[in-house]
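# Descriptive structure summary
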Amino acid sequence: MAVNITGMRTLVVSDLHLGDRLQRAVLRRPAALEALLDALEGVDRLVLLGDVVELLQARPDHALPAAEPILRAIGARLGPEAEVIVVPGNHDSDLIAPWLRANGVPPALSGGVPRDATPALADLVAWLGPGDVHVRYPGVWLDDHVWATHGHYLDRHLLPEAAFGIARGLLGRLPRDGARPVDYERAGGPSLTRLEARLTRWLPRPLAALVDDLAELLRAATMPLSKRSLLTRRLSPFTVGVLGAQMRRASIPALGRVVHRLGVDADWVLFGHVHRVGPLAGDDPLDWVGPGGHPRIANSGSWVYEPLLVHHATPPHPYWPGGAIVLEDGSDPRPVGLLDHLDASALH
């Protein structure tokens, strides 16, 4: 585990999706990038909690050059005294996938990965300098009581194992109590995320945008709803008829199953993946806990502009881009919106 964070200010961000084909990553916009760089003032440790670079939807030879100037700006603003921790997710897993295949998945919950595990990872680490950059997978202990992970393991638990008579052949063999990270890596079954990414990469742009919008609605349907409706009335029949009531509020219980089955003994678990920052003011705190009220859970949101969720909306909004989590002085993690002062015209 990491040293205690008392006296240290940590900023956790995830799901930047730099270099995405649909150009919805907001950090390519000057106002959004400047807001993030301003937020780095006084930060001792930056945690990039997965999906930093879009390597599923976009070709690496496009995504990495698009990401380079942004990551260099982040590293330069942090300076040589800061620490950066990179925790890959499912959209940038190619940064470490060849190394994992050759060396195995680290058995620890905060396993170390060499900074030069792949040429792409070595480049990313260099761009984030001159500070001290580390790579952890599948998660990282930020102190003795706070564990952070991208969160893609929760996908294995989004449907009941016997739902609609669909058994192990479709869902794959689900990890059980006492599981290790490798059990989630090899759990089998189809990957809707990879299917979405392949369609988004190869379809004509209008159809790719439609696929991406549908995927975002599916993610939204698995998270707690805010007290005001997130979806427009014209989409509500679609939401009820296609997404289904059983998918609502599914992601946090699914993450709770991951935490339980991996034996994560934490008071707080931080994750990204579903692009829904929280808990925010107005959220029911009981929606943001694991089984039996433990652990408490927070999400870092995303830095992607999703038109179907935020077009015509105004911040604060759970899907507004610019989400982050702040940890300081040993206090509880605090979700924030770093772009809430910007309107939509500055973001897309």
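Predicted model, so just to flag it, every value in this text is computed and none were measured.

### Things to note about the overall build of the protein
The helix and strand inventory of the protein stands at eleven helices and ten strands. In the protein, which comprises 348 residues, the share counted as buried stands at 57%. Counting contacts in the protein only where the partners sit at least 6 residues apart, residues at least 24 apart contribute 76% of the total. With an accessible surface of roughly 14,800 Å², the protein has 56% of that area assigned to carbon and sulfur atoms.

### Some words on helix α4 (residues 119–127)
Taken together, the buried positions of α4 are occupied by Ala120, Leu121, Leu124, Val125 and Trp127. Viewed end-on, α4 has its buried residues packed into an arc of 165°, placing them on one side of the element. Across from the buried face of α4, at angles greater than 90 degrees, the exposed residues are Pro119 and Ala126.

### Overview of the packing of aromatic side chains
By the definition in use, this model includes one aromatic pair. Between the aromatic rings of Tyr153 and Tyr184, the centroid separation amounts to 4.9 Å while the plane-to-plane angle is 10°, which identifies the pairing as stacked. Of this pair, Tyr153 sits in the loop between β6 (146–149) and α5 (168–171) while Tyr184 sits in helix α6 (residues 181–185), placing them 31 residues apart in sequence. Residue Tyr153 is classed as buried on the basis of its relative accessible area of 7%.

### Looking at the pattern of salt bridges
Scanning the model with the defined rule gives 13 salt bridges in all. Residue Asp38 is joined to Arg77 by a salt bridge in which the shortest nitrogen-to-oxygen separation is 3.5 Å. With a gap of 39 residues between them, Asp38 in helix α1 (residues 30–39) and Arg77 in helix α2 (residues 60–78) connect regions that are remote in the sequence. The partly exposed category is assigned to Asp38, whose relative accessible area is 44%. Among the salt bridges present, the one from Asp283 reaches Arg276, with a minimum N-O distance of 2.9 Å. Judged on exposure class, the residue Asp283 and its partner Arg276 are both buried.

### A short note on the nonpolar core
The biggest cluster of nonpolar side chains holds 81 residues, and the ones touching the most others in it are Leu11 and Ile74. A per-element tally of this core places α2 first, with seven residues. Contacts of Ile74, omitting those with residues within four sequence positions, involve Leu36, Leu37, Leu40, Leu46 and Leu128. By size, the runner-up hydrophobic cluster in this structure holds 14 residues, among which are Leu49, Val140, Val146 and Ala298.

### Digging into the packing of α1 against α2
Following both chains from N to C, one finds α1 and α2 inclined at 25°, their axes separated by 9 Å at the closest point. On the basis of their axis angle, the class for α1 and α2 is roughly parallel. Between α1 and α2 the crossing geometry is right-handed. Where α1 approaches α2, its residues Leu33, Glu34, Leu36, Leu37 and Asp38 are matched on the opposing element by Ile70, Ala73, Ile74 and Arg77. In the contact of α1 with α2, the residues fall into six nonpolar, no polar and three charged.

### Let's talk about the side chain of Thr10
Turning to its location among the elements, Thr10 is positioned in strand β1 (residues 9–13). For Thr10, a relative accessible area of 1% puts it in the buried group. Reaching out from Thr10, the side chain makes a polar contact with the side chain of Arg45 at a distance of 3.0 Å.

### Section: the pairing of strand β7 (residues 268–271)
What you see with β7 is no split at all: Trp268 and Leu270 on one side and Val269 and Phe271 on the other are buried throughout. Both β7 and strand β8 (residues 296–299) contribute to a ladder of four bridges, which runs parallel. Its bridge partner lying in β8, Phe271 is registered against Asn299.

### Section: the confidence of the model for the protein
Confidence in the prediction for the protein averages 83 pLDDT; 75% of positions are at 70 or higher. Within the model, pLDDT remains below 50 along residues 1–6, and this stretch shows 20 contacts once partners closer than five positions in the same chain are excluded.

### Quick look at the environment of Glu328
Inspection of the secondary structure assignment puts Glu328 in strand β9 (residues 323–328). Between the C-alpha atoms of Glu328 and Val43, which are 285 residues apart in sequence, the distance is 9.4 Å. Contact partners of Glu328, with chain neighbours within four places excluded, come to Met8, Arg9 and Arg334. Of note is the side chain of Glu328, whose polar atom sits 3.1 Å from the side chain of Arg9.

### Regarding the environment of His152
As for its position among the elements, His152 is in the loop between β6 and α5. Taking the C-alpha atoms as reference points, His152 and Ser251, 99 residues apart in sequence, are found 9.9 Å from one another. When sequence neighbours within four positions are dropped, the list of residues in contact with His152 reads Pro88, Gly89, Asn90, Tyr137 and His273. Looking at His152, its side chain comes within polar contact range of the side chain of Tyr137, at 3.1 Å.

Rules of the game
Residues numbered from 1 in each chain as written. Predicted model: local features only at pLDDT ≥ 70, side-chain atom pairs only at ≥ 80, totals over all residues. Heavy atoms only, no water. Helix = DSSP H or I, 4+ residues; strand = E, 2+ residues; numbered from the N terminus. Buried < 20%, exposed > 50% of the residue type's maximum accessible area, 1.4 Å probe, protein only. Contact = heavy atoms within 4.5 Å. Areas by Shrake-Rupley, 256 points an atom, 1.4 Å probe, with all protein chains shown as cover. Arc of directions from axis to C-beta. Phe/Tyr/Trp six-rings, centres within 6.5 Å; stacked < 30°, edge-to-face > 60°. Salt bridge = Lys/Arg side-chain N within 4 Å of Asp/Glu carboxyl O. Core = buried A, V, L, I, M, F, W, Y, C linked by side-chain atoms within 4.5 Å. Axes fitted to C-alpha atoms, helices over the stretch in contact; angles between N-to-C directions. Parallel < 35°, antiparallel > 145°, perpendicular 65-115°, else oblique. Left-handed = near helix turned anticlockwise from the far one by under 90°. Nonpolar A, V, L, I, M, F, W, Y, C, P; charged D, E, K, R; others polar. Polar contact = N/O pair within 3.5 Å; in protein donor to acceptor, adjacent residues only side chain to side chain. Pairing = 2+ DSSP bridges. pLDDT = per-residue confidence, 0-100.

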